[in-house]
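If you want the building blocks of each chain, they are given just below.
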Amino acid sequence: MPARRPGVLTDLVLLLSALLLACAPQAVAAGHTSPTETASGFELAARSATEQCRRPPVKTARARPWAQETLAPERVRELTRGAGVTVAVVDSGVDATTPQLAGAVLDGVDVLSDGGGTADTDCLGHGTFVAGIIAARPAEGTGFTGVAPAATILPVRDTRSREGGSAESMARGIRAATEAGAQVINISASTNYDDAALRDAVEYALSRDVLIVAAAANEAQRGNPVPYPASYPGVLAVGAIDPTGERAEFSQTGKFIDLVAPGVDVVSVGPGGPGHWQDSGTSFAAPFVSGTAALVRAYHPELTAAQVRHRLTSTASHPGTEVPDEATGWGVVDPYSAVTSVLPSGQGTGSGAGTVRVAHPDVPRDDPTPMRVVLISTVGVTLLISLAAIGARLAPAGWRRGWRRRRVARVVDGTGVDGTGEDRPHVSAR
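What counts, and at which threshold
- Residues numbered from 1 in each chain as written.
- Predicted model: local features only at pLDDT ≥ 70, side-chain atom pairs only at ≥ 80, totals over all residues.
- Heavy atoms only, no water.
- Helix = DSSP H or I, 4+ residues; strand = E, 2+ residues; numbered from the N terminus.
- Buried < 20%, exposed > 50% of the residue type's maximum accessible area, 1.4 Å probe, protein only.
- Contact = heavy atoms within 4.5 Å.
- Areas by Shrake-Rupley, 256 points an atom, 1.4 Å probe, with all protein chains shown as cover.
- Pairing = 2+ DSSP bridges.
- Right-handed = clockwise from strand over helix to strand, strands pointing away.
- 1 Å grid on protein atoms, 1.4 Å probe; cavity = no way out; pocket = protein on both sides within 12 Å on 5 of 7 lines; lining within 4 Å.
- Points joined across faces, edges and corners; volume = space filled by probe spheres on them.
- Nonpolar A, V, L, I, M, F, W, Y, C, P; charged D, E, K, R; others polar.
- Axes fitted to C-alpha atoms, helices over the stretch in contact; angles between N-to-C directions.
- Phe/Tyr/Trp six-rings, centres within 6.5 Å; stacked < 30°, edge-to-face > 60°.
- Lys NZ or Arg CZ within 6 Å of the ring centre and 35° of its normal.
- Parallel < 35°, antiparallel > 145°, perpendicular 65-115°, else oblique.
- Left-handed = near helix turned anticlockwise from the far one by under 90°.
- Salt bridge = Lys/Arg side-chain N within 4 Å of Asp/Glu carboxyl O.
- Core = buried A, V, L, I, M, F, W, Y, C linked by side-chain atoms within 4.5 Å.

1. Regarding the overall build of the protein
- The helix and strand tally for the protein stands at 11 helices and 11 strands.
- Across the 430 residues in the protein, those meeting the buried criterion constitute 43%.
- Intrachain contacts of the protein at a sequence separation of at least 6 include 69% that bridge at least 24 residues.
- On the protein, roughly 22900 Å² of surface is accessible, and the fraction owed to carbon and sulfur atoms is 55%.

Structure (structure tokens):
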């Protein structure tokens, strides 16, 4: 019997150890498992901020990305680069040390901090990626540049989690951005619930002449719920297209969609390094529209936010369907047309973009004057050619006569009449 005691004690120790291990949270190596995949809320709370942060991008996009190639915002660089316009990025913060954003990022506001801290750092990288699409400065060795490379970014942190923030924190972020003087607010997040505080914040911003651009969300294949704030009246809702120009399969649809922009395999910057990331989502389609809005507000400072919104939808590259379309709205945002188009007076605030006639300064108008000039010139040239031909035919004979008048003689026969009794004059010339 005593010989059995060590085995019993060993079994008890092993059993207790197994129970303790089963109850303890499992550690996950940073960089191998995303919190959005398997981590529980308890595990997230246990991790340090460093473990949740994304690693800096190390690869550089040398070539010009397809999104920039498609929208070609550089066509208006001589007219506007977005200088003087502040675009708020309500997101995870924006890293002010990212090389292509250096000098473009304000201190910002952290609405999650009781002390009202700054938001010019970014652990998750989402906000920095969005800000790069809007205002990344040109840099040697890369073809990537933001839509409005002279605009100013106001970072407003409303989340620290990869799973996003809350409707309440988003509402606080919109109010903070408005009070800080933003002229455009980019919201690359959404909720499926119509939250009263969020609706009030949107209405507050719109009443202060702020343009709100919001992503349409990515759940088209998971029930296609109505997203907020994108579907609120007055908000510019943006869906995503792929490199072929088709709606991205994840991009949500509905009557609330206003515009679409590149949202598949989009390139932008990340925090902590000079390289670039590539990602997909309507989160990254919205900033293309926000950047275009910055270009318009810089070049047309007299326009209200509602007029800028109307200009963006009126000048979009319309799809080959009746607009607005529930998948693509009024079409693909067009930076060049949005800045340069001449819209008819009285069409500045409505939403009926289908009735608007758009004219560009570098395209001839329907003016009859040029056609009159062409007609008169054609007749004049024809007349001159005819006179020259007549002159060429008559000039040799005139030269031989010394330019004396031509003589004409009429000769009749001796009777003065022919056999019929009528005069038969014969004309000859000398």
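2. Section: the pairing of strand β3 (residues 152-157)
- For β3, the buried fraction is high: 5 of the 6 residues fall into the buried class.
- Here 6 bridges tie strand β1 (residues 86-91) to β3, and the two strands are oriented parallel to one another. Paired with Val89 across the strands is Pro155, a residue of β3.
- Sheet topology note: the strand β2 (residues 109-110)/β3 ladder contains 2 bridges and is parallel. Within β3, the position partnered with Asp110 by the bridge is Arg157.

3. Quick look at the pairing of strand β5 (residues 211-215)
- Summarising burial for β5: 5 of the 5 residues are buried, a large majority.
- Side chains Leu211, Val213 and Ala215 project from β5 onto one buried face, and the interleaved Ile212 and Ala214 project onto a second face that is buried too.
- Bridge analysis of strand β4 (residues 184-187) against β5 gives 4 bridges, and the strand direction is parallel. The partner of Val184 across the bridge, within β5, is Leu211.
- As for the winding sense of the linkage, the β-α-β connection from β4 through helix α7 (residues 196-207) to β5 is right-handed.
- Relative to strand β6 (residues 236-241), β5 is paired through 3 bridges, and the arrangement is parallel. Residue pairing across strands places Val213 opposite Leu236, the latter belonging to β6.

4. Structural notes on the side chain of Thr178
- The topology assignment puts Thr178 in helix α6 (residues 167-179).
- Exposure remark for Thr178: the relative accessible area of 5% places this residue in the buried category.
- With residues up to four places along the chain from it excluded, the contact list for Thr178 reads Ile185, Tyr204, Ala205, Arg208 and Val210.

5. Description of the layout of surface pockets
- Quantified by volume, the largest pocket comes out at close to 1000 Å³.
- Residue lining of the largest pocket: 40 residues in total, with His126, Arg162, Ser188, Asn218 and Ser283 positioned closest to the centre.
- By residue class, the composition of the lining of the largest pocket is 11 nonpolar, 21 polar and 8 charged.

6. So, the sheet that holds β6
- Spatially, 7 strands are ordered β2-β3-β1-β4-β5-β6-β7 in an open sheet, and the strand pairing comes out parallel. Each edge of the open sheet carries a strand with a single partner, namely β2 and β7 (259-262).
- Along the sheet, α6 contacts β1, β2, β3, β4 and β5; its crossing angle with β4, the most-contacted strand, is approximately 160°.

7. Here's the deal with the packing of aromatic side chains
- This structure, assessed with the given rule, holds 2 aromatic pairs.
- Positioned above the aromatic ring of Tyr204 is the side chain of Arg175, whose terminal nitrogen or guanidinium carbon lies 4.9 Å from the ring centre.

8. Description of the packing of α6 against α7
- In contact at an axis separation of 8 Å, α6 and α7 are set at 15° when each is read in the N-to-C sense. In this view, α6 runs roughly parallel relative to α7, as classed from their interaxial angle. Handedness of the α6/α7 crossing: left-handed. Contacts from Ala167, Met170, Ala171, Ile174, Arg175, Thr178 and Glu179 of α6 reach α7 at Ala197, Leu198, Asp200, Ala201, Val202, Tyr204 and Ala205.
- Of the residues that constitute the contact of α6 with α7, the class distribution is 10 nonpolar, 1 polar and 3 charged.

9. Concerning the pattern of salt bridges
- Under the defined criterion, the tally for this structure stands at 8 salt bridges.
- With a closest N to O distance of 3.1 Å, Arg64 and Glu69 form a salt bridge.
- In this structure, Asp209 and Arg297 form a salt bridge, with 3.1 Å as the shortest nitrogen-oxygen distance. On the criterion of sequence distance, the pair formed by Asp209 in the loop between α7 and β5 and Arg297 in helix α8 (residues 286-299) is long-range, its members being 88 residues apart.

10. Some words on helix α5 (residues 126-135)
- Counting buried residues in α5 gives 9 out of 10 residues, a clear majority hidden from the surface.
- Of the residues making up α5, those classed as buried are Gly127, Thr128, Phe129, Val130, Ala131, Gly132, Ile133, Ile134 and Ala135.
- Of the surrounding elements, those touching the buried residues of α5 are β1, β3, β4, β8 (266-269), β9 (276-279) and α8.

11. Points about the environment of Ala205
- Tracing the backbone through its elements, the reader meets Ala205 in helix α7.
- Ala205 sits 26 residues away from Glu179 along the chain, and the two C-alpha atoms are 8.7 Å apart.
- Excluding its chain neighbours within four sequence positions, the residues that come into contact with Ala205 are Ile174, Thr178, Ile185, Val210 and Ile212.

12. A few points about the nonpolar core
- Among the nonpolar cores identified, the biggest contains 61 residues, and Ile153, Val213, Leu259, Phe288, Val289 and Leu312 are the most heavily contacted of them.
- Looking at which element gives the most residues to this core, the answer is α8, with 7 residues.
- Of all hydrophobic cores here, the second largest spans 28 residues; its members include Val111, Ala182, Val210 and Ala230.

13. Some details on the environment of Gly117
- Among the structural elements, Gly117 can be located in the loop between β2 and α5.
- Gly117 gets classed as partly exposed once you look at its relative accessible area, which sits at 24%.
- For the pair Gly117 and Val156, spaced 39 residues apart in sequence, the C-alpha to C-alpha distance is 10.0 Å.
- Filtering out sequence-adjacent residues up to four positions away, Gly117 remains in contact with Gly108, Val109 and Asp110.

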